[in-house]
Amino acid sequence: MGAVQSLGLPPAQGPHQVGCTDVMVGLTRKGLFFRLFYPCLPQEGVEQPLWIPRYEYCRGLADYANLHWKWCTPLLSVAFGSFRVPVSWNGPFKPCSSKYPLIIFSHGLGAFRTVYSALCAELASRGFLVAALEHRDHSACATYFCKAGDGEPGAPEAVLQEEWVLLHRVPAGRKEFHFRNPQVHQRANECVRGLRLFQDIDHGQAVTNILHSDFDLAALKDSVDMTRAAVMGHSFGGATAVLALAKEPAFKCAVALDAWMFPLENALYPKVVKPVLFINTETFQTAESIAKMKQLSSRNSQTKIITLLGSVHQSQTDFTFLAGNLVNTVFQTRGPLDPYKGLAITSRAALAFLQKHLELKEDFDQWNDLLDGIGDSVIPEAPLCLSNL
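We now turn to the structure provided with this report.

Definitions and cut-offs
Residues numbered from 1 in each chain as written. Predicted model: local features only at pLDDT ≥ 70, side-chain atom pairs only at ≥ 80, totals over all residues. Heavy atoms only, no water. Helix = DSSP H or I, 4+ residues; strand = E, 2+ residues; numbered from the N terminus. Rg over C-alpha atoms; globule rule 2.2 N^0.38 Å. Buried < 20%, exposed > 50% of the residue type's maximum accessible area, 1.4 Å probe, protein only. Contact = heavy atoms within 4.5 Å. Areas by Shrake-Rupley, 256 points an atom, 1.4 Å probe, with all protein chains shown as cover. Lys, Arg positive; Asp, Glu negative; His and termini not counted. Charge placed at Lys NZ, Arg CZ, Asp CG, Glu CD. Core = buried A, V, L, I, M, F, W, Y, C linked by side-chain atoms within 4.5 Å. Expected span 1.5 Å × (residues − 1). Phe/Tyr/Trp six-rings, centres within 6.5 Å; stacked < 30°, edge-to-face > 60°. Pairing = 2+ DSSP bridges. Axes fitted to C-alpha atoms, helices over the stretch in contact; angles between N-to-C directions. Polar contact = N/O pair within 3.5 Å; in protein donor to acceptor, adjacent residues only side chain to side chain. Salt bridge = Lys/Arg side-chain N within 4 Å of Asp/Glu carboxyl O. Parallel < 35°, antiparallel > 145°, perpendicular 65-115°, else oblique. Left-handed = near helix turned anticlockwise from the far one by under 90°. Nonpolar A, V, L, I, M, F, W, Y, C, P; charged D, E, K, R; others polar.

The next point concerns the overall build of the protein. Helix and strand counts for the protein come out as 10 helices and 12 strands. Here the C-alpha radius of gyration of the protein, 20 Å, is about what a compact globule of 389 residues would show, namely 21 Å. Counting every position in the protein, which comprises 389 residues, the buried fraction comes to 57%. Within the protein, contacts between residues at least 6 apart in sequence are counted, and of these 73% link residues at least 24 apart. Counting every atom, the protein has about 16,200 Å² of accessible surface; 53% of that belongs to carbon and sulfur. Distance between charge centroids for the protein: 6 Å, based on 35 positive and 36 negative side chains.

Once that is clear, we can look at the nonpolar core. Within the largest apolar cluster, 68 residues are counted, with the highest numbers of intra-cluster contacts made by Phe 37, Trp 51, Phe 80, Phe 105, Phe 128, Met 232 and Val 255. In terms of residue count, the dominant contributor to this core is helix 9 (residues 339-358) (nine residues). Ignoring sequence-local partners within four residues, the contact set of Val 255 consists of Val 231, Met 232, Gly 233, Ala 241, Leu 277, Ile 279, Ala 350, Phe 353 and Leu 354.

This part takes up helix 6 (residues 287-299). If you check helix 6, its first and last C-alpha atoms are 19 Å apart, about what 13 residues at 1.5 Å a residue would give, namely 18 Å. For helix 6, the full list of buried residues reads Ser 289, Ile 290, Lys 292, Met 293, Lys 294 and Leu 296.

Within the structure shown, the criterion is met by 20 aromatic pairs. Pairing Phe 105 with Tyr 116 gives two aromatic rings, centres 5.0 Å apart and planes at 45°, and the pair type is tilted. Here Phe 105 is found in strand 4 (residues 100-106), whereas its partner Tyr 116 is found in the loop between strand 4 and helix 3 (117-125), with 11 residues between them in sequence. A relative accessible area of 2% means that Phe 105 is categorised as buried. By relative accessible area, which is 3% here, Tyr 116 ends up buried.

This part is about the sheet that holds strand 11 (residues 304-308). The 10 strands are arranged 3-1-2-5-4-8-9-10-11-12 in an open sheet whose pairing can be described as mixed. Of all strands in the sheet, those with a lone pairing partner are strand 3 (88-89) and strand 12 (378-380), marking the two edges. As defined by bridge partners, strand 1 (residues 17-25) adjoins strand 3 across two bridges and the pair is classed as parallel. Residue pairing for strand 3: Cys 20 is matched across the bridge by Trp 89. Against the sheet, helix 5 (residues 236-247) makes contact with strand 4, strand 8 (224-234), strand 9 (251-257) and strand 10 (276-281), and its axis sits at roughly 140° relative to strand 8, the strand it touches most. Relative to the sheet, helix 6 contacts strand 10 and strand 11, its axis offset from that of strand 10 by approximately 155°.

Here the focus is the environment of Gln 355. Structurally, the position occupied by Gln 355 is in helix 9. A relative accessible area of 9% places Gln 355 in the buried class. In sequence terms Gln 355 and Arg 228 are 127 residues apart; their C-alpha atoms lie 9.7 Å from each other. When residues no more than four places from it in sequence are discounted, the contact partners of Gln 355 are Leu 360, Glu 362, Asp 363, Phe 364 and Asp 365. Separated by 3.0 Å, the side chain of Gln 355 and the backbone oxygen of Glu 362 make a polar contact.

This part takes up the pattern of salt bridges. Counting across every chain of the model gives 16 salt bridges. The closest approach of N and O atoms between Lys 304 and Asp 372, which form a salt bridge, is 3.3 Å. Of this pair, Lys 304 sits in strand 11 while Asp 372 sits in the loop between helix 9 and strand 12, placing them 68 residues apart in sequence. Here the salt bridges do not stand alone but share partners, grouping Asp 22, Arg 35, Arg 113 and Glu 134 into one network.

Right, let's talk about the environment of Val 327 for a bit. In this structure, Val 327 sits in helix 8 (residues 325-331). For Val 327, a relative accessible area of 22% translates into the label partly exposed. Here the alpha-carbon distance between Val 327 and Leu 76, two residues 251 residues apart in the chain, equals 9.8 Å. Residues in contact with Val 327, not counting those within four places in the same chain, are Phe 80 and Gln 332.

A few words now on the packing of helix 1 (residues 55-64) against helix 2 (residues 69-80). Orientation of helix 1 relative to helix 2, taken along the N-to-C sense of each, is 125°, at an axis distance of 8 Å. In terms of their interaxial angle, helix 1 and helix 2 are classed as oblique. The way helix 1 lies across helix 2 gives a crossing that is right-handed. Contact residues: helix 1 offers Tyr 55, Cys 58, Arg 59, Leu 61, Ala 62 and Asp 63, while helix 2 offers Trp 69, Cys 72, Thr 73, Pro 74, Leu 76 and Ser 77. In terms of residue class, the contact of helix 1 with helix 2 is made up of eight nonpolar, two polar and two charged.

A negative phi holds for most residues other than glycine; trans holds for most peptide bonds. In this structure, His 138 is a non-glycine residue whose phi angle is positive, near 70°. Along the chain, His 138 turns up in the loop between strand 5 (129-133) and strand 6 (142-148). Residue His 138 is classed as buried on the basis of its relative accessible area, which comes to 18%.

Within the secondary structure layout, Ser 125 lies in helix 3. Given the relative accessible area of 0%, Ser 125 is considered buried. Not counting residues up to four positions away in its chain, the partners in contact with Ser 125 are Ala 12, Gln 13, Gly 14, Pro 15, His 16 and Val 18.

This next bit is on the environment of Leu 308. Relative to the elements of secondary structure, Leu 308 occurs in strand 11. For Leu 308, a relative accessible area of 3% translates into the label buried. Spatially, the C-alpha atom of Leu 308 lies 6.8 Å from that of Ile 379, the residues being 71 residues apart in sequence. Beyond its immediate chain neighbours, meaning those up to four positions away, Leu 308 contacts Ile 279, Asn 280, Thr 281, Glu 282, Leu 337, Gly 342, Ile 345, Thr 346 and Ser 377.

Treat this as a map of the structure, not an account of what it does.
Dropping the structure here:
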């Protein structure tokens, strides 16, 4: 069975304590839903949020894994339902005179807004605002929006109704690219709308969180550095980040974790002129995918491709910390690389890249070597079996 790993999400290592809250804006599917991670003030008696916020997500995960939901959903609830995220739920926002840079984060296929909590919290602990979106393009394992029950805008909370948006598979007889390409465009547009929402919040415009959280978004007024915004994502979210970077001039750079490049149309690549950091795992990528990344790195010397040796596709998600040995054997959530070391390498490489391209005055440049694939368990570009194109 291998070595026993203590299951649970690791606490963030940066100088800031981390708070988080859920934000939903708009009473239609075209609104936004995200979990916001942010630097917060210390407090006693901290409430930590559940990692899986609703039972419905367990059923969504069962559907995504193509397992029978009636028996798999309660098993997933038992396996993952009690884990908590080591952050302060609705903790008091920590003001900053110099403003915090912003990261919009896009999840992978079959995931949801909390699946990257360890990484998002780590980035927030280093002084970032991180908005982890939950996409409504039918690529999340499950999500929902709220609508007014009587059809009237601005209806009180008592008559709001939830409508769930479930995972859709590629219809029989339809080419996958023609199904996934519109999805990645919707996802990228949601990232852009997220950025613009934070512009409104920073300018002091009233933004209604229909979830009626104890966290007041007005606390972020004049605290979001909109001149230092980046987009980040994993897998399908990695492709989403690349596309959003091309769509929105305010995004200065992108970090793509094990990006699934397949959904992006070939005509996009010449339009991606700003730098991208591709942090790949050892086992997921193909020669074709690496070739698409190299189209971007050949045009921009600041675009970097590195690979974490001993990692698997799920190594960049929270599942790598939470899955026991049996679940890991079935779903391969971990490779030989220690999950804590993998998180450290991923976050440090991202921070070094963000410091350079957001022009931050931090000490993240101490990890610049990682951007060239120099360091333990990291190599430049791809393993030899993929890089000889």
